[in-house]
Each structure stands twice: as C-alpha cells, then as structure tokens.
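Secondary and tertiary structure notes
Residues per chain, in single letters:
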Amino acid sequence: ALVVADTWEKAVKAAKLVKAEYVTERFETDFEKLRKYESKLKKISEYKRGETDAYKNADVFVEAEFSTPIETHNPMEMHATIAIWEGDDKLTVYDKSQGPKGTQSQLARCFGLEEKNVRVITEFVGGAFGASLRSWPNVPAAVIAAKKVKRPVKVLLNRRQMFSMVGYRPQAWQKIAIGANKDGKLVGITHHAISNTSRYEDYREGIVNASQFLYDCPNVNTSYKILPLDLNTPTWMRGPGEATGAFALECALDELAYKLNMDPVELRVKNYAELHPVSKLPWSSKFLKECYDAGREKIGWDKRQATPRSLKEDGMLAGYGMGGGVFGAGRGNAAVKAILKRDGSLILQSAVSDMGPGTATTMVKIAETSMQMPASKIRFMLGDTDFPPGPTQGGSTTTSTLGNGVSLVCDALKKHLKELAIANVASFKASTIDDIEIKNEQLFSKKDSTVKISLGELVSLSGKEQVEIIQESGRAAAEAQKYAMNSFSAHFVKVHVDPATGIVKLKEIIATGDGGKIISEKTARSQMIGGAVGGIGMALTEEVLIDHSTGKYINDNLGSYHVPLHTDVPHIDAWFPNKPDPVINATGAKGVGEIALVGFAAAVANAVFNATGKRIYKLPIKPEDLIS
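Figured I'd write up the structure that's included with this text.

Conventions we followed
- Residues numbered from 1 in each chain as written.
- Predicted model: local features only at pLDDT ≥ 70, side-chain atom pairs only at ≥ 80, totals over all residues.
- Heavy atoms only, no water.
- Helix = DSSP H or I, 4+ residues; strand = E, 2+ residues; numbered from the N terminus.
- Expected span 1.5 Å × (residues − 1).
- Buried < 20%, exposed > 50% of the residue type's maximum accessible area, 1.4 Å probe, protein only.
- Arc of directions from axis to C-beta.
- Contact = heavy atoms within 4.5 Å.
- Phe/Tyr/Trp six-rings, centres within 6.5 Å; stacked < 30°, edge-to-face > 60°.
- Salt bridge = Lys/Arg side-chain N within 4 Å of Asp/Glu carboxyl O.
- 1 Å grid on protein atoms, 1.4 Å probe; cavity = no way out; pocket = protein on both sides within 12 Å on 5 of 7 lines; lining within 4 Å.
- Points joined across faces, edges and corners; volume = space filled by probe spheres on them.
- Core = buried A, V, L, I, M, F, W, Y, C linked by side-chain atoms within 4.5 Å.
- Polar contact = N/O pair within 3.5 Å; in protein donor to acceptor, adjacent residues only side chain to side chain.
- Pairing = 2+ DSSP bridges.
- Axes fitted to C-alpha atoms, helices over the stretch in contact; angles between N-to-C directions.

In this model, helix α4 (residues 138-149) (12 residues) spans 16 Å end to end at C-alpha, consistent with the 16 Å of a helix rising 1.5 Å per residue. Every buried residue of α4 is listed here: N138, V139, A142, V143, A145 and A146. The buried residues of α4 occupy one face: seen down the axis, they fall within an arc of 165 degrees. Its buried side turned inward, α4 meets β3 (80-85), β4 (91-95), α3 (100-111) and β6 (153-156).

The following block contains the structure:
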C-alpha cells in the first residue's frame, strides 16, 4: 500500500492510520533449523572432477562447517524514486539504479510503453553495493501513484524498509573438507553449501565456485542448494557468493597449513593453478604470486609466529592472517558517443550510472591518454538513458566494458578527424591517415611538423558546430574465448585481541589485487579500501537478527545493526601489480570492485586464530567467542 500526500510528514502520519487485516498462515524463517530437512531444499548445482571425497585419502585433512548470517547493504543514501508522466505514454523516472538501461526496459515492459518513451535518470546513485542492481517495489509504486494523481510523485524508503524491501546477502551454511599430502600438495576438496532464498523467487549465487578452480587440485566435488523461506528475496551484495565461499575455503586452507606445519602463503603457492583447473584454459593474465609477495613484505609477515597465541604486544595477543580472493573479469556491451566541439572540448556520453567507484574519472583518464589532450578539456556524462546504452554497474565489469568503449570511440574519432583534415585542409590534402598524428589538441603532419591545425579549428572548417561519433563495444572477441578471465586478490591483516575481553582490533591491512592495468590509481585504491571496510563489517560486526516467533527483523536500524565505525578501521594500504591484461579489452583493465572484499573476512578470522589459538567458524566473530 502507498499513501500519497503533499509533504513527507503528512504521508507518514496518514500511513500510520492505515489498518490492515491479515489471514494468518504458518511461516518459516529459521534457516539453521530448516536447512537440516532435505525435503525443503532445492538442488541448484553439482560439480565433480576426479574422485568424490578424495580428501579422505590424503595424509592430512581438515573438515569444518561454516556459517554466515544475513547481511544488508545499508548505504547511507536510501532508495528513492521520482516518477513524472507526460501524457499517457511518456514517462521520466529519477531513480537510485545501478543499471539505468535495465530499469528503463523493466518499466517499459511493466507499463506497456515503448522503451524510447521511458527515460531513466540516475546520475548520482550514492552507495549501493549491489542493492540497486534491480528495480524494487518502490519504483513501479511511484510510477502508479504519479499516474493516479497526475502529478510527480517521490517515494523514499526509510531505513527499516532497506532491510525488508531491497535485498540482502543471504544466510549460508557451508561444509568444506580439504586434504593434502605431507608436502602440502592438495589431494581433494569437497565443498557443500546451502543459502536461503524467498518463497516466491529462486535466488542463487556462486558460493562453491572458487573451490573448483582457485587452486590446482585433481579431485574436487561441490554441491549447492537453496532453502526457500518466508523472507524477502536476497540479492547480489558486493562479492556475491564468492565472498561467502571464500570465508570457508580460505579458513580451511589456513587450518590445513597449521596441520601441515606449513606457512599459509607457501601452501597456496604450492597449489598455484597455472591453468584454469575446470576449463583447462590459460588465464588471460594472472599475477597473484606478485600479490602474495607484496602482501607479505608490506604487512611484515616475517614477524608472524607459527605457534598461535605466542606473540604479544602492549598486553594484547597479536596475530597475522591472510586470505585470497577471485572474481570473474568479464566484458559486456556498451556504446559511447564522443562529441568534439568548436572550442576543442570533448564530451563523452553513455547511459551508465556511478555508485562511487569514480567511473567518470576513469573514463576521462582513458580518453586523455587516447586523445593526448588535457583532462580539463574532457567531460564524461552519464546516468541518462537518452545517452547511448551503457552497462549496468556491477560484477566488476564497468571499467572493462565501458573503458573499452571509450577507447574505441576515441580511435574512431581520431580516424574521422584525420579524414576531415584531408578533405577540408589544403595543407593535409596530400596526406594519408597514417601520415597524421593527434596530440596536444592539434593534428600534425608526421612528415612536416609545421603542418598542423587545432581540433577546434578543424571542427569549424568542416562547417559543423560539433563532430559526433558513436562506437559500440561488443563482448570479447572469439580469440578471448581461448582464455580464462579472472581478477585475483590477497588480503593480509594484523590484529590485536584483548585477552580479557575478547575484543578484536584491526591494526593494519594490506589489500593487494590483480586488476590488470590500473587506469585511475586514486579511485582504484578507494575501491580496495571500501572493500576492506565492508570486509571488516562482514568479519566482525554485521548480522541481521530475526525473531522466528514472529518472522520480523529485530535489528532493522543502524543503532543495532552494526557497520564498521571510523575507529574500527586502521591504516589500509592498497597495492596492485598494475600489469595490463593483453586479452580482455583495449585498455588492459580488469575489475577490482569485488576482489576488494572477497577473501577479506577469512584473513581476519585467520589472524584471530594466529593471535588466540581459537578457530572461529561463524561470522561475525564476537568477543564472547574468544573468551569462552
């Protein structure tokens, strides 16, 4: 139900006057209880390579069960939608969306409109972390209300609704077993997982996928099932699936390393996969060993004690831990328009949104390099479906996809400008395209540097107000199908644990990531820092609590759902190999948004074990777990 008023206060008061009558039905929300009933589970996937449960034949093996709670995205900026009808068949919507084109398509289908008559503007999204990857009920509700009252309508969710209406990271249970020979070579990995979904929609994610291919192991078997509950539908949350699965995989590997009396990093290096173990394809690029080396050096790994609970600093138990991460490095479709104006300024346009990673900054830097012109003369416009179609911002693909589009449209623009010069400028008449160079806002003849013209003058001579080029960047070419494409990370942390209270304090974080060519170092570093902060929350503070007698959320507010505070976040150093991927796209960039979080919670849990000798299998790690 939606109450519409001319002020927020009136709408809130009126909504409180609405009375609802319910027909009570039996409901189920208790994941831990219900996951044990096989009849209630839906089988999603099974995978087998080599022998099932081969870990049992190994010299040394570990078996463990891990659990992670529901987590919610909780960006500072809550979801909001403004809907404006122009007549009966034209709609403009301002929305918090990570995918303007996706929202446009959904609204067109929902309301029977031509897609060209639906405009979605989402220039500034604010934080989202995956919560805005799809349109939630507030979007069509605003559209319906605006149609009814024949006025623009704004719907703003409150904080409690952010828990129940826009998705979350699903609760998960995992059982993992890993075995190795005495020299540390892996023999077998078995990984089973169950996560919750809603009663009305099957949401699934790749919790067990990394266990299939991150390490070189001849025998791997995995299974994944979902449990429908009477809760709202989960959705993608930063590092979806992989972040949950890496907690179990990387903690189990750490436990195995202790049993083998082996350095946890050396165990990973021993089982480094040079080829993708599932597809048998070579990676387009992989510099994970460089990440291991840099992380060890920067965190001071040599100070780590092999025996847990043996290092003390300032009366605190000190420990070091690490965890690895992986995520797909795909590339999708995007189109970019380049507009060169008479004043020599360049405008780039694409219907992509930006929820904080600095997309516009990165695209300007790509254009700056390609066009050899100052960034101050380049502007990137985004967040409007009137622009050429851009990708949804999610899955660590935006820079790879859109950056490739920017690179291609700049190449096309340069070619067109050279053709214009040959056609319109007398001194270039005898030149070929290969004879002309573009840099410093001018076209030069390579044969005679005195033959030149500024970009603005060329536009004027062509008789146009501006020169426009649209270029589409397709998916990776057939050649790319011969490679496996992934980004990788290795997180290193140092913790202090108070032996009296069990309070964990992070002292230092080194986040390393193989994201290919780093286009914008400042914004890429911010991505890694943001992922680490989210990882602190995952490891130590975040947990949704449900009253299973009523099915209601207990802590659906920022007073009792704890996200990391400034005082919880230590110095974070981000490091990248910064080596371009030669296959994935023209820029050589892979994604870093997901790997910034994947594996981080395990690094914290492993550091806590190194400090205390207590292995924690359930997140978040609580002080009472460490002093009981």
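The discussion continues.
Two descriptors summarise a pair of aromatic rings, namely the distance from one centre to the other and the angle between the planes of the rings. Under the defined criterion, the tally for this structure stands at nine aromatic pairs. Centre to centre, the rings of W283 and F488 are 5.6 Å apart; their planes meet at 75 degrees, and the pair counts as edge-to-face. You can see W283 sitting in the loop between α8 (264-270) and α9 (288-299) and its partner F488 sitting in strand β19 (residues 486-497), a full 205 residues away along the chain. You'll find W283 and F488 in the same group, each marked buried. A centroid spacing of 5.4 Å and a plane angle of 90 degrees characterise the contact between W301 and F492, whose relative ring orientation is edge-to-face. On the criterion of sequence distance, the pair formed by W301 in the loop between α9 and β10 (312-313) and F492 in strand β19 is long-range, its members being 191 residues apart. Like F492, W301 is buried. Following the ring pairs from residue to residue traces out a cluster consisting of F66, F247 and Y617.

Our focus in this paragraph is the pattern of salt bridges. Counting across every chain of the model gives 33 salt bridges. A salt bridge links D202 to K42; its shortest N-O distance comes to 3.0 Å. Linking D202 in the loop between β8 (186-198) and α6 (209-213) with K42 in strand β1 (residues 42-49), this pair joins segments that are 160 residues apart in sequence. Residue classification places D202 among the partly exposed residues on the basis of a relative accessible area of 34%. Among the residues examined, K42 registers a relative accessible area of 35% and is labelled partly exposed.

With that settled, the discussion passes to the layout of surface pockets. A volume near 950 Å³ is recorded for the second largest pocket. Around the second largest pocket, the lining is made up of 30 residues, and of these L2, V3, W8, A11 and V155 lie nearest the centre. It is helix α1 (residues 8-16) that provides the largest number of residues to the lining of the second largest pocket, a total of five residues.

This next bit is on the nonpolar core. Counting residues in each nonpolar core, the largest one holds 75 residues, and the members touching the most others are I178, L186, L256 and V493. Not counting chain neighbours up to four residues away, the residues in contact with L256 comprise V60, F61, V62, I178, A180, L186 and L267. By size, the runner-up hydrophobic cluster in this structure holds 38 residues, among which are L348, F380, V406 and A421.

Further remarks concern the side chain of T29. Among the structural elements, T29 can be located in the loop between α1 and α2 (31-34). We classify T29 as buried; its relative accessible area is 3%. One polar contact links T29 to H548, side chain to side chain, over a distance of 2.8 Å. If we ignore the near neighbours within four places in the chain, the residues touching T29 are L34, L229, D230, L231, I546, H548 and G551.

Ordered by their spatial adjacency, four strands build an open sheet running β14-β13-β12-β18, and the pairing between neighbours is mixed. Of all strands in the sheet, those bounded by a partner on one side alone are β14 (378-381) and β18 (466-473). Going across the sheet, the axis of each strand differs from the next one's by a mean of 20 degrees, ignoring polarity. As paired strands, strand β12 (residues 334-341) and β18 are joined by eight bridges and run antiparallel to one another. If you follow K341 over to β18, its bridge partner there is Q466. In the packing of helix α10 (residues 359-371) onto the sheet, contacts are made with β13 (346-349) and β14, and the angle to β14 comes to roughly 140 degrees. Lying over the sheet, helix α11 (residues 398-424) contacts β12, β13, β14 and β18, oriented at roughly 140 degrees with respect to β18.

None of the figures reported here should be taken as evidence of function without further support.
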